Amino acid sequence: MYIVNMRLPPVGSTQNAVFSSLDEARSGDAQWKRGRTFSLVYAAGDDVADVQQGAFFRYFSENALNPMAFPSLRRFETDVVAMTASLLGDESAVGSMTSGGTESILMAVKTARDWARKERGVRDPEMVVPESVHPAFEKAGHYFGVRVVHVKLDATLRADMNAMREAVSDRTILVVGSAPAYPHGVIDPIEDIAALARERGILCHVDACLGGFLLPFAKKLGRPVPSFDFSVPGVTSMSADAHKYGWAAKGASVILYRTRELRRHQYVVYTDWPGGLYGSPSAPGTRPGGPIAAAWAVMRYLGEEGYLRLAKKTLDTSDAILAGIRSIPELRVLGEPMMSVFAFASDEVDVYAVADVMQQRGWYIDRQQRPASLHMMITPAHADLVEEIVGDLRAAVATVKNGATSEGAAAMYGMLGKMPDRHAVEDFVLDMMDQW
Ligand SMILES: *Cc1c(COP(=O)(O)O)cnc(C)c1O
């Protein structure tokens, strides 16, 4: 039942009718609880979900816009920022909670732009980012008038330092590295990037949206993790998503700065409004209390011990799936993934067709390009499914190898990946987004 051009109904429905419409509508959605997705949902189990929801609903209506009205939310936010800072190498780092990684990145770029304008007089700002960096930087460039200079990756799929060095100019306000980058799960050479920033007197952001709440525990578990946080001199800001491997409810990320002086450039204050003195720390006006309270509650509930347990489960599961993929001769893992996010490609079969076959078997796997590859982000929801995932993948590769034709989605992805006219691809995506 889907009504096109729905209008507000003249009279309401019963609560039960509304809820059953919701349940019916979502029955066709991705089955993340059964481990069928490899992105979008980070599930830590029912007990953590109970904590998220209990805290979220307690603060369902509260608004963190005005900390005078809700001092408890201000305290939770300060606590979450401090706990995150202490995980990321500098207990004295300061910051804010935001609605997600994108907003954290928007704030980092706005702060860098305004800092460079004031301290260095930069009027036509640029930022230098690796090709693998998250598109949130594209969005930030777009919103804040900062030109985005992309540099290529080296053979290990990390930022090419020679290219980065050459790309930095007097207009550069920010250099960026990811820990890890989303497409391949590899960590950029943060020490080199931060050293370059120091040498040139510019700011350096580490996008640890994915790794911020997992890498510190991976390291404690004895895995090799290169230095990526504030322990590296020259790193001036970091983003870490509590709503990813921090296991918090959606709508929770942390943006951190090395100094208070830097953070002030993030804030917007307007003192002449008839509505009163207005100060806003980040992008939104109204700030939902639920995600802040839920992030605080989950961190307190899990503690270091809980985070270590979930990190171990995630990393062990990821290792097992990676080993399974490496045992399929037609597939090759790209680069050296450092945690539980990775991509694989093939020189022998069309991986987009493999994804289609997997989809018929109920698995939703994200498609990537340059090169054509499939992407997985592993969570504890996959722990009991390793053999099923690898077995189905092996069977899907065989099906494609035996001549299953690429049609539907595979044909479309194949064509879009190879189209030389990227404006035409942009139009295609815009048209798709225009359909609803
Ligand atoms: C998810 C992600 C982001 C963006 O975060 P959102 O919460 O989706 O806005 C930025 N960088 C990396 C590396 C990410 O994985």
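A quick note: this is a predicted structure, and the numbers were derived from the prediction, not measured.

**Points about the overall build of the protein chain**
Part 1: Scanning the protein chain from terminus to terminus reveals 14 helices and 13 strands.
Part 2: Taking 2.2 N^0.38 as the reference for a compact globule, 436 residues should give roughly 22 Å; the C-alpha atoms of the protein chain span a radius of gyration of 23 Å, in line with that estimate.
Part 3: The dimensions of the protein chain, computed from C-alpha atoms along their principal axes, are 70 × 65 × 45 Å.
Part 4: Scored against the burial criterion, the 436 residues of the protein chain give a buried share of 51%.
Part 5: Taking the intrachain contacts of the protein chain between residues at least 6 apart in sequence as the baseline, contacts between residues at least 24 apart amount to 72%.
Part 6: Approximately 21,600 Å² of the protein chain is accessible, and the part contributed by carbon and sulfur atoms is 53%.

**Some remarks on the packing of helix H2 (residues 46-58) against helix H10 (residues 289-326)**
Part 1: Axis separation between H2 and H10 bottoms out at 7 Å; the angle between their running directions is 140 degrees. With respect to each other, H2 and H10 are oriented oblique. For the crossing formed where H2 meets H10, the hand is right-handed. Listed contacts from H10 to Asp-47, Val-48, Val-51, Gln-52, Ala-55 and Phe-56 of H2 are Gly-290, Pro-291, Ala-293, Ala-294, Ala-297, Val-298, Tyr-301 and Leu-302.
Part 2: The class makeup of the residues in the contact of H2 with H10 is 11 nonpolar, 2 polar and 1 charged.

**Looking at the site of the ligand**
Part 1: As a structural note, the neighbourhood of the ligand is formed by 13 residues, with Gly-101, Thr-102, Asp-207, His-243 and Lys-244 the closest of them.
Part 2: At a separation of 2.6 Å, a nitrogen atom of the ligand approaches a polar side-chain atom of Asp-207.
Part 3: One nitrogen or oxygen atom from the side chain of Lys-244 is found 3.0 Å from an oxygen atom belonging to the ligand.
Part 4: A total of 380 Å² of accessible area belongs to the ligand in isolation, and the protein chains cover 85% of it.
Part 5: Ranked by residue count, the leading element in the shell around the ligand is helix H4 (residues 101-120), at 3 residues.
Part 6: Broken down by class, the residue content of the shell around the ligand amounts to 5 nonpolar, 5 polar and 3 charged.

**What about helix H14 (residues 422-434)?**
Part 1: End to end, H14 covers 18 Å across 13 residues, agreeing with the expected 18 Å (1.5 Å per residue, within 8%).
Part 2: Measuring from the side-chain oxygen of the N-cap residue of H14 to the backbone nitrogen of His-423 gives 3.0 Å; that N-cap residue is Asp-421.

**What to know about the sheet that holds strand E5 (residues 203-207)**
Part 1: Read from one edge to the other, the open sheet built from 7 strands follows the order E1-E7-E6-E5-E4-E2-E3, with strand pairing classed as mixed. This sheet does not close on itself; its edge strands, each paired only once, are strand E1 (94-98) and strand E3 (147-151). Here the strands of the sheet are splayed against their neighbours by 20 degrees on average, with no regard to which way each runs.
Part 2: The sheet contact formed by E5 and strand E6 (residues 237-240) spans 3 bridges and is parallel. Looking at the pairing, Asp-207 lines up with Ser-239 of E6.
Part 3: The strands touched by helix H3 (residues 71-87) are E1, E6 and strand E7 (253-257); relative to E1, the strand with the most contacts, the crossing angle is about 120 degrees.
Part 4: Strands in contact with helix H7 (residues 190-200) are strand E4 (172-178) and E5; relative to E4, the strand with the most contacts, it is inclined by about 170 degrees.

**Let's talk about the environment of Leu-385**
Part 1: Tracing the sequence through the fold places Leu-385 in the loop between strand E13 (373-377) and helix H12 (386-401).
Part 2: Judged by its relative accessible area of 11%, Leu-385 falls in the buried class.
Part 3: Taking C-alpha positions, Leu-385 is 7.5 Å from Gly-35, a pair spaced 350 residues apart along the chain.
Part 4: Discounting chain neighbours no more than four positions away, the residues touching Leu-385 are Arg-34, Gly-35, Arg-36 and Trp-363.

**A short note on unusual backbone geometry**
Part 1: For the bond from Ala-179 to Pro-180, the omega torsion is -10 degrees, close enough to zero to count as cis.
Part 2: Locating Pro-180 in the fold gives a position in the loop between E4 and H7.
Part 3: Look at the link from Arg-370 to Pro-371: it is a cis peptide, with omega at 0 degrees.
Part 4: Tracing the backbone shows Pro-371 in the loop between strand E12 (366-368) and E13.

**A word on the pairing of E3**
Part 1: Bridge count for strand E2 (residues 126-130) against E3 is 5 bridges, and the pairing is parallel. Within the sheet, the bridge partner assigned to Met-127 lies in E3 and is Val-148.
Part 2: With helix H5 (residues 136-144) bridging E2 and the parallel E3, this β-α-β connection has right-handed handedness.

**Here we look at the packing of aromatic side chains**
Part 1: Applying the stated criterion across every chain, the model contains 10 aromatic pairs.
Part 2: Note on Phe-76 and Trp-296: the rings are 4.6 Å apart at their centroids and 35 degrees apart in plane angle, and the pair reads as tilted. Residue Phe-76 is located in helix H3, and its partner Trp-296 is located in helix H10; the two are separated by 220 residues in the primary sequence.
Part 3: Accessibility expressed as a relative area gives 10% for Phe-76, which makes it buried.
Part 4: For Trp-296, a relative accessible area of 17% puts it in the buried group.
Part 5: For the pair Tyr-352 and Tyr-413, a centre-to-centre distance of 5.5 Å together with 40 degrees between the ring planes defines the contact as tilted. A residue pair is termed long-range when its members are at least 10 positions apart, and Tyr-352 in helix H11 (residues 351-360) and Tyr-413 in helix H13 (residues 408-418) qualify at 61 residues.
Part 6: A residue is classified by how much of its surface remains accessible, and Tyr-413, at 27% relative accessible area, is partly exposed.
Part 7: In this structure an aromatic cluster arises from ring pairing among Tyr-42, Tyr-245 and Trp-247.
Part 8: The ring of Trp-363 carries Arg-36 above its face, with NZ or CZ at 4.3 Å from the centroid.

Thresholds, definitions, all that
Counting starts from 1 at the beginning of each chain's written sequence and moves along it residue by residue. Two thresholds apply to this predicted model, a pLDDT of at least 70 for residue-level local features and 80 or more for giving and counting side-chain atom pairs, whereas whole-chain, interface and lining totals are computed over all residues. Only heavy atoms go into the side-chain values, all of them from the structure, while hydrogens and water stay out. Note on conventions: DSSP H or I runs of at least 4 residues are helices, E runs of at least 2 residues are strands, and numbering of each starts at the N terminus. Just to be clear, the radius of gyration here is over C-alpha atoms, and the globule rule we use is 2.2 Å times residues to the power 0.38. Each residue gets one of three labels from its accessible area relative to the maximum for its type: buried under 20%, exposed over 50%, partly exposed in between, using a 1.4 Å probe on protein chains only. Only heavy atoms matter for contacts: two residues are in contact if any of them lie within 4.5 Å across the pair. In these tables, accessible area is a Shrake-Rupley quantity obtained with a 1.4 Å probe, and a residue counts as shielded only by the protein chains included in the view. In this analysis, axes come from line fits to C-alpha atoms, helices being fitted only over the stretch in contact, and the angle between any two N-to-C directions falls in the range 0 to 180 degrees. Oblique is the label for any angle not covered by the other classes, which are roughly parallel (under 35 degrees), roughly antiparallel (over 145) and roughly perpendicular (65 to 115). If you view the pair so one helix is near and one far, a crossing is left-handed when the near helix is turned anticlockwise from the far one by less than a right angle, and right-handed when it is turned clockwise. Each residue gets one label: Ala, Val, Leu, Ile, Met, Phe, Trp, Tyr, Cys and Pro are nonpolar, Asp, Glu, Lys and Arg are charged, and the others, such as Gly, are polar. We call a residue near a molecule or strand when any one of its heavy atoms sits within 4 Å of it. In protein, a polar contact requires one atom able to donate a hydrogen and another able to accept it; more generally it is a pair of N or O atoms within 3.5 Å, and residues adjacent in sequence count only if both atoms are side-chain atoms. Multiplying 1.5 Å by the helix residue count minus one yields the expected span of that helix. Pairing between strands requires that DSSP locate at least two bridges from one strand to the other. The path from the first strand over the helix to the second decides the hand: if it runs clockwise while the strands point away from the viewer, the crossover is right-handed. Each Phe, Tyr or Trp ring, with Trp reduced to its six-membered ring, pairs with another whose centre is within 6.5 Å; inter-plane angles below 30 degrees give stacked pairs, above 60 give edge-to-face pairs, and intermediate values give tilted ones. Counted as over-ring charges are cases with an Arg CZ or a Lys NZ within 6 Å of the ring centre that also lie within 35 degrees of the ring normal.

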